[in-house]
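Results of the structural survey
Listed here are the chains, written in short residue letters.
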Amino acid sequence: MLRFTVLLLCLIPALTRAQPKYWIVFNSKNQTAAPALSATSLANRQLRGLPVDDTDRPLSAQYVTQLTQLGVVPLCQSRWLNAVSAQLTPDHLARVKQLPFVKELVPIDRSLVVTSLPREPLTRPQLAPVMNQIQASEFASAGLTGRFVQVGVIDAGFFGADSAAALKHLFTRQGVKVVRDYVNAKKTKGDLFHTLETMSDFHGTEVLAAIAGLDPTDNIQYGLATDATFYLARTDQGNREFRGEEDNWVQAIEWLDSLGVRLVNTSLGYARGFTDPKENYEPKEMDGHTSVISRAAQLAADKKGMLIIVSAGNEGDDRNWRIISTPADAEGVLAVGATNSRLWNRIGYSSIGPEALPYLKPNVSCFSLYGTSLSAPVITGFAACIMQANPKLTNREVIELIEKSSHLYPYGNNFVGYGVPQASRVLALLRKQTSPSTARPITATGKSISIPVGNLDSKEVISVFRKKDATHVLHQEAMKASKGKLILKRLNGEARTTVDLKREVIEVVWE
């Protein structure tokens, strides 16, 4: 196997932790330096018409050397941001400011909270219903299993992955190619599967199973991408939360790009819960461009052609927050929420899209009983099947297909996005087949409307989203029809109502 030079190093000396941390942004690069990309990555760019630009060139070794000569110890290096992070004493800060090649110094907070944590053991049958919900059998019938698709997983640890029954098939065929630990490489010594530092080290294993899990003993399928190839990166340290995890994530995404990996799952989210409350993110900062991790995710989507699928977050029940975490707020990523199994509406913990965003978040949702950490990887497997079917699709085209295949499309909302992706619909879209319309608008006047909904079972419950505009939900509720009709009474401030019949979606526009 070819070994690629790691361009980003993260050395965190214990003695420097007390000092404030900064990104030191350089003003230029060596324009004669070759791109730090593999042949596969270069071929991917050329195939999709994506230029190799300055963000692909390595940092100036001369600049880094000059910093070290001043006694500054670079912690992490990012070619995308053209910057290094370092903890600076007041003396260092004053001296670095005077360096002619330093463009700016960006302060970095010290803490970060992971909003998606492991909740249950790896192989649980509760994940099986989501395979039915997204119509996994349709992909299986079409022979789509993520074969030939490279998938990156950025997460916490992957303890026990090589011995888990649901992942045995991956390791038997050597489907896990490379593993990197950006948290504690010295302790794990490259063996993340057998080093347990905290209980969070099971989290990546659960996520990997939700992408590609298949347990032949119990005959349960947990994920769609059973034949994909995987590259794993540990970036989250479970025993403490600090902003260095954001550095780790930037390193990992750049590493995956250098290998030519185009599809990445990250079931991590950062929001609040800092040791020092003054360092908490504010809800207004979930805007897609404030956090470093969102800026890196957006750059990966825009300039590197990477499809990044992110868990929306589990703060839906937290009245002091409720909204999605970062990097799910980045416009270019596919943010995934979680639904109830029966109703397909938002499950309580699933985070909501901020109303201030000019774009829809989350993008889509699917069932997960144990957090959006396990709904995002299901959709990553879904994306892998699409990319196997048509490898020429761009990241934006794959997102568009997933959204258009979802059961509420085009009437999305900030609770569940466009709803649950359906394999049968995406296959029809891939084949450019004309499918029957499953969405229809209705204009309502006055204070109520009676909507024919067909001969539903008397016990069947209908999910209804009451909205104050096209996308923002006032609240969701469950209703039952009577004699084939659903009676809606308009609420104060209600401008639209989405009636979810699963096989059909009706959008009521109130006048």
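Thresholds applied
- Residues numbered from 1 in each chain as written.
- Predicted model: local features only at pLDDT ≥ 70, side-chain atom pairs only at ≥ 80, totals over all residues.
- Heavy atoms only, no water.
- Helix = DSSP H or I, 4+ residues; strand = E, 2+ residues; numbered from the N terminus.
- Rg over C-alpha atoms; globule rule 2.2 N^0.38 Å.
- Buried < 20%, exposed > 50% of the residue type's maximum accessible area, 1.4 Å probe, protein only.
- Contact = heavy atoms within 4.5 Å.
- Areas by Shrake-Rupley, 256 points an atom, 1.4 Å probe, with all protein chains shown as cover.
- Lys, Arg positive; Asp, Glu negative; His and termini not counted.
- Charge placed at Lys NZ, Arg CZ, Asp CG, Glu CD.
- Salt bridge = Lys/Arg side-chain N within 4 Å of Asp/Glu carboxyl O.
- Axes fitted to C-alpha atoms, helices over the stretch in contact; angles between N-to-C directions.
- Left-handed = near helix turned anticlockwise from the far one by under 90°.
- Nonpolar A, V, L, I, M, F, W, Y, C, P; charged D, E, K, R; others polar.
- pLDDT = per-residue confidence, 0-100.
- Polar contact = N/O pair within 3.5 Å; in protein donor to acceptor, adjacent residues only side chain to side chain.
- Pairing = 2+ DSSP bridges.

Attention now goes to the overall build of the protein chain. Assigned secondary structure in the protein chain consists of 13 helices and 20 strands. The C-alpha atoms of the protein chain give a radius of gyration of 23 Å, which matches the 24 Å a tight globule of 511 residues would have. Dimensions of the protein chain, computed from C-alpha atoms along their principal axes, come out at roughly 80 × 50 × 45 Å. Across the 511 residues of the protein chain, 58% fall into the buried class. Residue pairs at least 24 apart in sequence account for 77% of intrachain contacts in the protein chain once pairs closer than 6 positions are excluded. Of the roughly 21,200 Å² of accessible surface on the protein chain, 51% is carried by carbon and sulfur atoms. Here the protein chain carries 57 positive and 49 negative side-chain charges, and the mean point of each set is 3 Å from the other.

Once the charged atoms of two side chains with opposite charge are near each other, the side chains can pair. In the structure shown here, the tally under the stated rule is 21 salt bridges. Two residues, E254 and R79, come together in a salt bridge whose shortest N-O distance is 3.7 Å. Taken together, the residues E254 in helix α9 (residues 244-259) and R79 in the loop between β2 (76-78) and β3 (83-87) connect sequence positions 175 residues apart. There is no split in this pair, since E254 and R79 are both buried. What you see here is one network of salt bridges that share partners, running through R45, D53, D56, R79, E254, D257, K303 and K304.

Moving on: the packing of helix α11 (residues 376-389) against helix α12 (residues 395-404). Where α11 meets α12, the axes come as close as 10 Å, and the angle between the chain directions of the two elements is 115°. Crossing of α11 against α12: the hand is right-handed. Across from I379, F382, A383, I386 and M387 in α11, the residues of α12 making contact are V398, L401 and I402. Taken together, the residues that form the contact of α11 with α12 break down as 8 nonpolar, no polar and no charged.

Mean pLDDT over the protein chain works out to 89, with 90% of the residues at or above the 70 mark. In the model, residues 1-17 has pLDDT below 50 throughout and makes 33 contacts with residues more than four positions away in sequence or in other chains.

Backbone torsion omega between T326 and P327 reads 15°, so that peptide bond is classified as cis. For the peptide bond that leads from K361 to P362, omega is -10°, which places it in the cis range. Summarising the element assignment, P362 is placed in the loop between β12 (334-339) and β13 (364-367). At N82, a residue that is not glycine, the phi angle is positive and equals roughly 50°. Here N82 shows up in the loop between β2 and β3. Overall, the relative accessible area of 10% leaves N82 in the buried class. If you check the backbone angles, K502 has positive phi at about 70° while not being a glycine. Here K502 lies in the loop between β19 (496-500) and β20 (505-510). Relative accessible area serves as the criterion here: at 24%, K502 is assigned to the partly exposed category.

Mapped onto the elements, D56 comes out in the loop between α1 (39-47) and α2 (61-69). Residue D56 is classed as buried on the basis of its relative accessible area, which comes to 0%. The spatial distance from the C-alpha of D56 to the C-alpha of K304 is 9.2 Å, given a sequence separation of 248 residues. Not counting residues within four places of it along the chain, the set of residues in contact with D56 comprises P35, A36, L37, R45, P51, R79, D257 and K304. Among the polar contacts listed, one links the side chain of D56 to the side chain of R45, at a separation of 2.9 Å.

For the rest of this paragraph, the subject is the sheet that holds β12. Strand order in the open sheet formed by 7 strands is β6-β9-β5-β10-β11-β12-β13, and the pairing between neighbours is parallel. The two strands at the open ends of the sheet, each matched to only one other strand, are β6 (176-181) and β13. Looking at each pair of strands side by side, their axes are set apart by 20° on average, direction ignored. By the bridge criterion, 6 bridges tie strand β5 (residues 150-155) to strand β9 (residues 229-234) in an arrangement that is parallel. Each bridged residue has a counterpart across the sheet, and for D155 the counterpart in β9 is R234.

Moving on, we come to the sheet that holds strand β16 (residues 462-467). Ordered by their spatial adjacency, 5 strands build an open sheet running β14-β20-β19-β16-β17, and the pairing between neighbours is mixed. With one partner strand each, in any of the chains shown, β14 (439-444) and β17 (473-479) form the two edges of the open sheet. The average angle at which neighbouring strand axes cross in this sheet is 20°, direction not considered. Pairing between β19 and β20: 5 bridges, direction antiparallel. Directly across from R496, in β20, lies its bridge partner V509.

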